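Residue-level structural notes
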Amino acid sequence: MYYTPATDRYNNMTYNRCGKSGIQLPAVSLGLWHNFGSVDNFENGRSIIHNAFDKGITHFDLANNYGPLPGSAEENFGRVLKQDFTGHLRDELIISTKAGYTMWPGPYGDWGSRKYLVSSLDQSLRRMQLDYVDIFYSHRPDPSTPIEETMGALHNIVQQGKALYVGLSNYNAEQTKVAVEVLKSLGTPCLIHQPKYSMFERWIEGGLLDVLEANGVGCIPFSPLAQGLLTDRYLNGIPAGSRASKPSGFLQEGDVTPERIEKVKKLNVLAQQRGQSLAQMALAWILKDKRITTVLIGASSVSQLDNNLETLKNTAFAKEELDAIEAILK
Ligand SMILES: NC(=O)c1ccc[n+]([C@@H]2O[C@H](COP(=O)([O-])OP(=O)(O)OC[C@H]3O[C@@H](n4cnc5c(N)ncnc54)[C@H](OP(=O)(O)O)[C@@H]3O)[C@@H](O)[C@H]2O)c1
């Protein structure tokens, strides 16, 4: 397969400014946590990436440990870049990676030391065959490492030209406040925060979003579809091939509870009344908050991605619709 990017790729996407930075991100970004590893079909992943870029998705999110096997999503993404994103196309992409969770054995392959972050990013760059990433994240806060060391490592990485911007992921509001201050004092502002957020996971409403807004930091919620629960995927049980059916998936069969599916069914009716799929309504519900820069979705097929992109045609909610959603989620 020979890939030529669609010439109209910037015509239908919305781009939102990331906090108070110079960077704009597409309202929908694509993550490679699942479906792009060495256990997955390479050509399927490759067509999802092509389709995303053709539709204006410029932002692709990775981490050192994405696969399985850990590292293989970066390797596969690197292969696609090398094969298909030749010439100056790299300059049209915002590629992120992270370090913070277990990656290799011993005391230097986990958490937030300078040793781990710097060597992990070097490995990620080799796997993706890149000179630099656009965003490098501290993937989770490390209670045992001084925040000055972790943020200092991010700052140095930018100074060395290995990343253009830095971000935080999974830091709570208080930890974010401190980390953002330290980064500011070093002269490397925090570009973006990546928290888990969906109709089923609302902790960021309790303070984090305010901290981000006050500091001009963007927000890119991950698992906005609750890994597929907030779609029509599980309305009639757990289908073969779905994330919950796979041993390597992070969504377990036990997460698909009757109580949740009860709510999902009610939400699905509401979505139909809005003329949307449930996935589209779940994404629109997140994007209605102007503090959100982009939703970071996953997809196992081109058709899922296309379905999710249709969200952008209707992101407005009437007050009655929002009240009805709250009543279901209670
Ligand atoms: N920073 C962190 O700690 C962290 C943690 C987790 C994820 N992330 C990032 O966030 C990204 C997205 O996470 P996620 O994959 O959990 O996001 P998600 O969008 O909540 O879930 C994606 C899954 O939902 C299903 N799906 C998507 N669209 C659908 C549709 N239209 N209809 C039916 N089913 C649909 C697919 O599952 P099936 O496979 O069943 O088809 C897909 O793999 C990751 O790739 C990663 O980049 C970051």
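Please read these numbers as outputs of a predicted model, since none were measured by experiment.

Conventions we followed
Residues numbered from 1 in each chain as written. Predicted model: local features only at pLDDT ≥ 70, side-chain atom pairs only at ≥ 80, totals over all residues. Near = placed C-beta within 6 Å. Helix = DSSP H or I, 4+ residues; strand = E, 2+ residues; numbered from the N terminus. Nonpolar A, V, L, I, M, F, W, Y, C, P; charged D, E, K, R; others polar. Pairing = 2+ DSSP bridges. UniProt positions renumbered as here; feature names shortened; annotations may be inferred. Axes fitted to C-alpha atoms, helices over the stretch in contact; angles between N-to-C directions. Parallel < 35°, antiparallel > 145°, perpendicular 65-115°, else oblique. Contact = placed C-beta atoms within 7 Å.

Observations concerning the site of the ligand
In the neighbourhood of the ligand, 30 residues make up the surrounding shell, with Gly-31, Trp-33, Phe-222, Gly-228 and Gly-298 lying closest. It is helix 9 (residues 302–309) that contributes the most residues to the shell around the ligand, three residues altogether. Across the shell around the ligand, the residue classes tally to ten nonpolar, 17 polar and three charged.

Looking at the sheet that holds strand 8 (residues 190–194)
A sheet is described by the order of its strands in space; here eight strands give the open sequence 9-8-7-6-5-4-3-10, paired in parallel fashion. In this open sheet, the two strands that pair with only one neighbour each are strand 9 (218–219) and strand 10 (295–297).

Digging into the UniProt feature "domain: NADP-dependent oxidoreductase" (unreviewed entry) in the protein chain
UniProt marks residues 28–329 with the feature "domain: NADP-dependent oxidoreductase" (unreviewed entry), using the numbering shown here. In residues 28–329, helix accounts for 40% and strand for 12%; the two terminal C-alpha atoms are 24 Å from one another.

Notes on the packing of helix 7 (residues 258–273) against helix 8 (residues 278–287)
The description of two packed helices rests on the angle between their axes and on the distance between the axes. The N-to-C vectors of helix 7 and helix 8 enclose an angle of 85 degrees; their axes lie 8 Å apart at closest approach. The angle between helix 7 and helix 8 places the two elements in the roughly perpendicular class. Here Val-264, Leu-267, Asn-268, Leu-270 and Ala-271 of helix 7 lie close against helix 8, whose contacting residues are Leu-278, Gln-280 and Met-281. Per-class residue counts for the contact of helix 7 with helix 8 are six nonpolar, two polar and no charged.

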